[in-house]
Amino acid sequence: MDTAPSPTATAPADRRRRRVAIAAALASAVEWYDYFVFGIAAALVLGDLFFPADNPSAGVLAAFATFAVGFLARPIGGVIAGQLGDKRGRKPMLVLALTLMGFATLGIGLLPTYETIGIAAPVLLVLFRVLQGVAVGAQWGGAMLMATEYAPEGRRGLYGSLVQLGVPIGVVSANTVFLVAGAVSSDATFASWGWRVPFLVGFLVLGLAWYIHARVEETPDFKAAERALAEREKGERRSPLGEILRHHLGTVLLAGGSFAVNTATFYIVITGVLDYATRELDMERSAVLMVSLCVSLTQLVLIPWAASLSDRVGRLRVYALGALGLLVWAVPMFLLIDTASLLWLAVGTFVASCFLSIMYGPQAALFAELFTAEMRYTGASLGYQISAVVGGGLAPFFMVLLLEATGTSMSVAGYIMVLAVIALVSIKVLAGRAAASGEN
């Protein structure tokens, strides 16, 4: 007698889908908020407080180097959580990532400065930033798979984009808290303790971790993969990371190469440009933060639109359009920024944000579909975190170096264009593989 449950019985209820999707989106939002407050603080105050130097650029470089350390740690989080997430489940790793992020962010908010404890201050700052990097590296795969593996047929792109919305929500929230902290305090007060408030608020992420632990179920895809693994002989089971490195490393590298331009441009826009506009172009800090906030709000509409479009016309077509747009727009964006006009700064970064959203919307579903459920957490996380290291983590640091070395923002535009070409080549190879295997 066939005792297998019917598709109707095993399909998640609509209410459960919505609960999981909202929880995954909130997890992404609060995690990215905690991560982004460091980038904003690095551009505004951390250089002076933790890396004092006679040359202001040196302090900023040191702060951005610490910012980049978090990205170098992200693949570690992706590998550890990927291994365990493909074996033990998506939910436990997401809860662990949120908990780790909460304590690391609180640690930064309470950390004494260089003036108080000397060299221990930057050392501890780097340590907490590493923990943030491990946490966000573990989080993305868990939140993305919670959403996409619960998605109804034909809507994986849209459901995956709910997690991607965590990035603009995190940026908006981080900028808003910094704007409020700056508005209610003088420059001296902000440098003394006002900058700590955004980090202390980030500790609330622990409440969401508890909710997901108590109220959210494991994904159907993982349960099915777990049953399939249980049917195999114990000696035949292999490490998801080992499988990826032996048989799918090329796919991981192509995924990372396709997305590095997005992460690099994004962090240049939200942190590099903030430093450049305030330090080099003498623009007002609060005004530039407000532009960043408003531009990020537009992504709340554009990301799900692009993801929904990818459900209809194909992931790679939409994805490639965004990469091509970043290639074409890199030079005009910096020509507009260099006018030191708030209006043209807004226009330049808004158009760039549109192309970033067009890529970012379908990216979660695209990366999930590159791998089977048994190795999806590991493979998708590695591809994403490699792009984060190559692109995002080093981008603000490279931007300061390029500006110091060349004296022109066109060198930064050139950096974006090189990464865009790499992305387009990677996308073309992925499209060729998809065509060969009969996929769209």
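Note that the structure is predicted; figures quoted are calculated from it, not measured.

Things to note about the overall build of the protein chain
- Helix and strand counts for the protein chain come out as 20 helices and zero strands.
- Contacts in the protein chain between residues far apart in sequence, at least 24 positions, make up 87% of those at least 6 positions apart.

So, the side chain of glutamine 363
- With respect to the helices and strands, glutamine 363 occurs in helix α17 (residues 342-369).
- Judged by relative accessible area, which is 0%, glutamine 363 ranks as buried.
- Of note is the side chain of glutamine 363, whose polar atom sits 2.6 Å from the side chain of glutamine 164.
- Setting aside chain neighbours within four positions, we find glutamine 363 in contact with Trp140, Gln164, Phe259, Tyr319 and Tyr384.

Section: the packing of helix α7 (residues 156-164) against helix α8 (residues 166-183)
- Remark: α7 packs on α8, axes separated minimally by 5 Å, with the N-to-C direction vectors making an angle of 25°. Here α7 is positioned roughly parallel relative to α8, judged by the angle of their axes. Contacts from Leu162, Val163 and Gln164 of α7 reach α8 at Gly166, Val167 and Pro168.

A few points about the packing of helix α16 (residues 315-337) against α17
- Close contact between α16 and α17 brings their axes to 8 Å; oriented N to C, the two are set at 160°. Classified by the interaxial angle, the pair formed by α16 and α17 is roughly antiparallel. For the pair α16 and α17, the sense of crossing is left-handed.
- In terms of residue class, the contact of α16 with α17 is built from 23 nonpolar, five polar and two charged.

Some thoughts on the pattern of salt bridges
- One pass over the structure, following the stated rule, counts five salt bridges.
- The salt bridge involving arginine 279 is made with glutamate 280; its shortest N-O contact spans 3.1 Å.
- For arginine 279, a relative accessible area of 24% puts it in the partly exposed group.
- As a salt-bridge pair, glutamate 369 and arginine 315 come within 2.9 Å of each other at their nearest N and O atoms.

Section: the confidence of the model for the protein chain
- Mean pLDDT over the protein chain works out to 82, with 89% of the residues at or above the 70 mark.
- Here helix α1 (residues 7-10) stands out as the least confident element of the protein chain, with mean pLDDT 45; α16 is the most confident, with 96.
- Low pLDDT (under 50) marks residues 1-10, which in the prediction has one contact with non-local residues, meaning those over four places away or in another chain.

Observations regarding α16
- The terminal C-alpha atoms of α16, which comprises 23 residues, lie 31 Å apart, in line with the 33 Å expected from a rise of 1.5 Å per residue.
- Along its length, α16 shows its largest kink, about 45°, at tryptophan 329, and proline proline 332 lies within four residues downstream of that point.

As for the side chain of serine 387
- Structurally, serine 387 is set in helix α18 (residues 376-393).
- On the accessibility criterion, serine 387 (0% relative accessible area) is buried.
- A polar contact of 2.5 Å, which involves the side chain of serine 387, links it to the backbone oxygen of tyrosine 384.
- Residues contacting serine 387, with those up to four places away along its chain left out, are Gly256, Phe259, Ala260, Thr263 and Gly392.

Topic: the packing of aromatic side chains
- Summed over all chains, the structure comprises 10 aromatic pairs.
- Measuring from centroid to centroid gives 5.9 Å for phenylalanine 50 and tryptophan 195, while their planes differ by 90°, and the two rings are edge-to-face. Here phenylalanine 50 is found in helix α2 (residues 14-50), whereas its partner tryptophan 195 is found in the loop between α9 (187-192) and α10 (197-201), with 145 residues between them in sequence.
- A ring pair is formed by phenylalanine 266 and tyrosine 267, whose centres lie 5.1 Å apart and whose planes are at 85°; its orientation type is edge-to-face.
- Assessed through its relative accessible area of 7%, phenylalanine 266 is described here as buried.
- By way of ring pairs, the aromatic residues Phe259, Tyr319, Tyr360, Phe367 and Tyr384 are connected into one cluster.

Here we look at the environment of threonine 105
- Note on placement: threonine 105 falls in helix α4 (residues 90-110).
- As for threonine 105 and phenylalanine 199, which are separated by 94 residues in sequence, their C-alpha atoms are 5.6 Å apart.
- Those residues in contact with threonine 105 that lie beyond four places of it in its chain are Asp34, Gln132, Phe199 and Gly202.
- For threonine 105, the side chain forms a polar contact with the main-chain oxygen of methionine 101, separated by 2.9 Å.

Observations regarding the environment of glutamate 243
- With respect to the secondary-structure elements, glutamate 243 resides in helix α13 (residues 240-247).
- Relative accessible area serves as the criterion here: at 17%, glutamate 243 is assigned to the buried category.
- In sequence terms glutamate 243 and glycine 379 are 136 residues apart; their C-alpha atoms lie 9.4 Å from each other.
- Only 3.4 Å separates the side chain of glutamate 243 from the side chain of arginine 246, close enough to count as a polar contact.

About the criteria used
- Residues numbered from 1 in each chain as written.
- Predicted model: local features only at pLDDT ≥ 70, side-chain atom pairs only at ≥ 80, totals over all residues.
- Heavy atoms only, no water.
- Helix = DSSP H or I, 4+ residues; strand = E, 2+ residues; numbered from the N terminus.
- Contact = heavy atoms within 4.5 Å.
- Buried < 20%, exposed > 50% of the residue type's maximum accessible area, 1.4 Å probe, protein only.
- Polar contact = N/O pair within 3.5 Å; in protein donor to acceptor, adjacent residues only side chain to side chain.
- Axes fitted to C-alpha atoms, helices over the stretch in contact; angles between N-to-C directions.
- Parallel < 35°, antiparallel > 145°, perpendicular 65-115°, else oblique.
- Left-handed = near helix turned anticlockwise from the far one by under 90°.
- Nonpolar A, V, L, I, M, F, W, Y, C, P; charged D, E, K, R; others polar.
- Salt bridge = Lys/Arg side-chain N within 4 Å of Asp/Glu carboxyl O.
- pLDDT = per-residue confidence, 0-100.
- Expected span 1.5 Å × (residues − 1).
- Bend = angle between axes of the 7 residues up to and from the residue.
- Phe/Tyr/Trp six-rings, centres within 6.5 Å; stacked < 30°, edge-to-face > 60°.

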